[in-house]
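# Architecture and fold: a report
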Amino acid sequence: MNSPYQRILLKLSGEALGDDASGHGISPEAVQTIARQVARVSALGVEIAIVCGGGNILRGAEFSKLGGHRASADYMGMLGTVINGLALSDALEQQGLETRVMTAIGIQQVAEPFVRRKALSHLEKGRVVILAAGTGNPFFTTDTAAALRATELECDVLLKATKVDGVYTADPKRVKDARRFEEITYMEVLSKGLRVMDGTAITLAMENRLAIVVFNMLEEGNLERLIRGETLGTRIRS
């Protein structure tokens, strides 16, 4: 297959796995839809790592507003990403794929600890590697974890799956004439305050020349089209 990407990191929000209406909980239909798309891309010979968010279960930053310590709330959020990772792993294996869930915090009874060399070995053997628990540190988002892991694992691109078809000048749901960018630089994202990924993730990607593509994964088939080289969404570049 002629593809610009041989190894990808797919960043999924927790809400992508949740209920359509609220984005909460885990929707079997949503998880299976994602698993089907990932299976089609894996069949093309592409190595796939996935970072899951946990916002469908709990957002640490929001939970801490109730008065608890932010660090404790963030650790709770990390555990939410492990739940999502296990659900996605099961759905992928139902599609005939071999998977490994690796976590940034110790939870050996249900997942392997993240070790870069082991993760690379799994990818080279065709296994889908699901990276959970963020960076393992509070105060860092799963977007930052995605940029970090994509850099560590020498991925060709970070694919940020969203519910919209790219990066816009404003929220397209609220602003009628919001314009979509086909390409935008890291510095423009930072200077314009565009809420694509947090600033730490964008800065890390910029420093390591990690390409980012923001696209709509709700439209089934978009992931495969991207891998085959079609121009979709918004590309963030240097």
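Look up: the structure comes first, before these words.
This write-up is about the structure you can find in this document. Every chain's residues receive numbers from 1 upward, in the order its sequence appears when written. Where totals are concerned, whole chains, interfaces and linings use all residues; where local detail is concerned, this predicted model gives features only for residues with pLDDT of at least 70, and gives and counts side-chain atom pairs only at 80 or more. The basis for every side-chain value is the complete set of non-hydrogen atoms in the structure, without hydrogens or water.

## Examining the packing of helix α1 (residues 28-42) against helix α3 (residues 70-94)
- Only C-alpha atoms enter the line fits that serve as axes; for helices the fit covers just the stretch in contact. Angles between N-to-C directions range over 0 to 180 degrees. The secondary structure listing takes helices from DSSP runs of H or I that are at least 4 residues long and strands from runs of E that are at least 2 residues long, numbered from the N terminus. One way to put it is that α1 packs onto α3 with a least axis distance of 9 Å and a crossing angle of 55°. Regarding the angle of α1 to α3, the classification is oblique. Of the two elements, α1 crosses α3, and the hand of that crossing is right-handed. Counting all contacts with α1, which are made through Val31, Ile34, Ala35 and Val38, the residues of α3 involved are Ala87, Leu88, Ala91 and Leu92.
- A class-by-class count of the residues in the contact of α1 with α3 yields eight nonpolar, no polar and no charged. The cut-offs work like this: below 35 degrees is roughly parallel, past 145 is roughly antiparallel, 65 to 115 is roughly perpendicular, and the gaps in between are oblique. Helix crossings get a hand from a simple test, with the near helix turned counterclockwise from the far one by less than a right angle marking a left-handed crossing and a clockwise turn marking a right-handed one. In this description, contact between two residues means that some pair of their heavy atoms is separated by no more than 4.5 Å. Polar here means any residue outside two lists: the nonpolar Ala, Val, Leu, Ile, Met, Phe, Trp, Tyr, Cys and Pro, and the charged Asp, Glu, Lys and Arg; Gly therefore counts as polar.

## A few points about a nonpolar patch on the surface
- Patch membership requires more than 30% relative accessible area and the absence of a salt bridge. Residues of like charge join within 9 Å; the nonpolar side chains Val, Leu, Ile, Met, Phe, Trp and Tyr join within 5 Å. Computed with a 1.4 Å probe, the accessible areas rest on the Shrake-Rupley method; for each residue, only the protein chains presented here act as cover. Salt bridge, as used here: a side-chain nitrogen of Lys or Arg that lies within 4 Å of a carboxyl oxygen of Asp or Glu. The grouping of Ile26, Ile57 and Ile83 at the surface amounts to a nonpolar patch, some 230 Å² of accessible area in total.
- Its location among the elements puts isoleucine 83 in helix α3.

## Focus: the nonpolar core
- Remark: nonpolar core denotes a set of buried residues (Ala, Val, Leu, Ile, Met, Phe, Trp, Tyr, Cys) joined through side-chain atoms within 4.5 Å. The classification of residues rests on relative accessible area computed with a 1.4 Å probe and restricted to protein chains. Under 20% of the type maximum is buried, over 50% is exposed, and intermediate values are partly exposed. Ranked by internal contacts, the top residues of the largest apolar core, which has 34 residues, are Leu10, Val38, Ile50, Leu88, Leu92 and Leu159.
- Taken together, the elements giving at least two residues each to this core come down to β1 (7-12), α1, β2 (47-52), α3, β5 (128-132), β6 (157-162), β10 (212-216) and α8 (222-227).
- The element best represented in this core is α1, accounting for six residues.
- Once residues within four sequence positions are removed from consideration, leucine 159 is found in contact with Ile8, Leu9, Leu10, Lys11, Val213, Phe215, Leu223, Leu226 and Ile227.
- In terms of nonpolar packing, the next biggest core, distinct from the first, is built from 31 residues, Val51, Ala119, Ala146 and Val196 among them.

## Here's the deal with the packing of aromatic side chains
- Each pair of aromatic rings taken from Phe, Tyr and Trp, with Trp reduced to its six-membered ring, is defined by centres within 6.5 Å and is described as stacked if the planes are under 30 degrees apart, edge-to-face if over 60, and tilted in the remaining cases. Within the structure shown, the criterion is met by zero aromatic pairs.
- Throughout this description, the term charge over a ring refers to an Arg CZ or Lys NZ atom that lies within 6 Å of the ring centre and within 35 degrees of the ring normal. Just above the ring of phenylalanine 114 sits the side chain of arginine 149; from NZ or CZ to the centre is 3.9 Å.

## Re the pattern of salt bridges
- Under the definition given, this model contains 18 salt bridges.
- Note that aspartate 143 and lysine 11 form a salt bridge whose closest N and O atoms lie 3.4 Å from each other. Of this pair, aspartate 143 sits in helix α5 (residues 142-152) while lysine 11 is found in strand β1, placing the two residues 132 residues apart along the sequence.
- Residue classification places aspartate 143 among the buried positions, given a relative accessible area of 11%.

## A few points about the pairing of strand β11 (residues 234-237)
- By the alternation rule, side chains of β11 split into Thr234 and Ile236, which are all buried, and Arg235 and Arg237, of which none is buried.
- Only when DSSP finds a minimum of two bridges between them are two strands counted as paired. Here three bridges tie strand β9 (residues 183-185) to β11, and the two strands are oriented parallel to one another. Bridged to glutamate 183 within β11 is arginine 235.
- Two strands pair when backbone bridges link them, and β10 and β11 are joined in this way by three bridges, in the antiparallel orientation. Residue pairing for β11: valine 214 is matched across the bridge by threonine 234.

## A closer look at the layout of surface pockets
- Throughout, the protein atoms alone are placed on a 1 Å grid, and a set of points is a cavity if a 1.4 Å probe fits but cannot get out or a pocket if it is open with protein on both sides within 12 Å along at least five of seven lines; lining residues have an atom within 4 Å of a point. Grid points are joined across faces, edges and corners, and a volume is the space filled by probe spheres set on the points. Empty space within the largest pocket amounts to approximately 1,700 Å³.
- As for the largest pocket, its lining consists of 48 residues, of which Arg59, Asp143, Lys160, Arg195 and Val196 are closest to the centre.
- Within the residue set of the lining of the largest pocket, elements represented by two or more residues are β1, α2 (60-63), α3, α5, β6 and β7 (167-168).
- Its residues placed into classes, the lining of the largest pocket shows 16 nonpolar, 18 polar and 14 charged.
- In this structure, the second largest pocket spans a volume of roughly 310 Å³.
- Around the second largest pocket, the lining is made up of 18 residues, and of these Glu15, Ala16, Asp20, Ala30 and Leu218 lie nearest the centre.
- Per element, the largest residue contribution to the lining of the second largest pocket is five residues, and it comes from α1.
- When the residues that make up the lining of the second largest pocket are grouped by side-chain class, the tally is seven nonpolar, six polar and five charged.

Geometry only, nothing functional implied.
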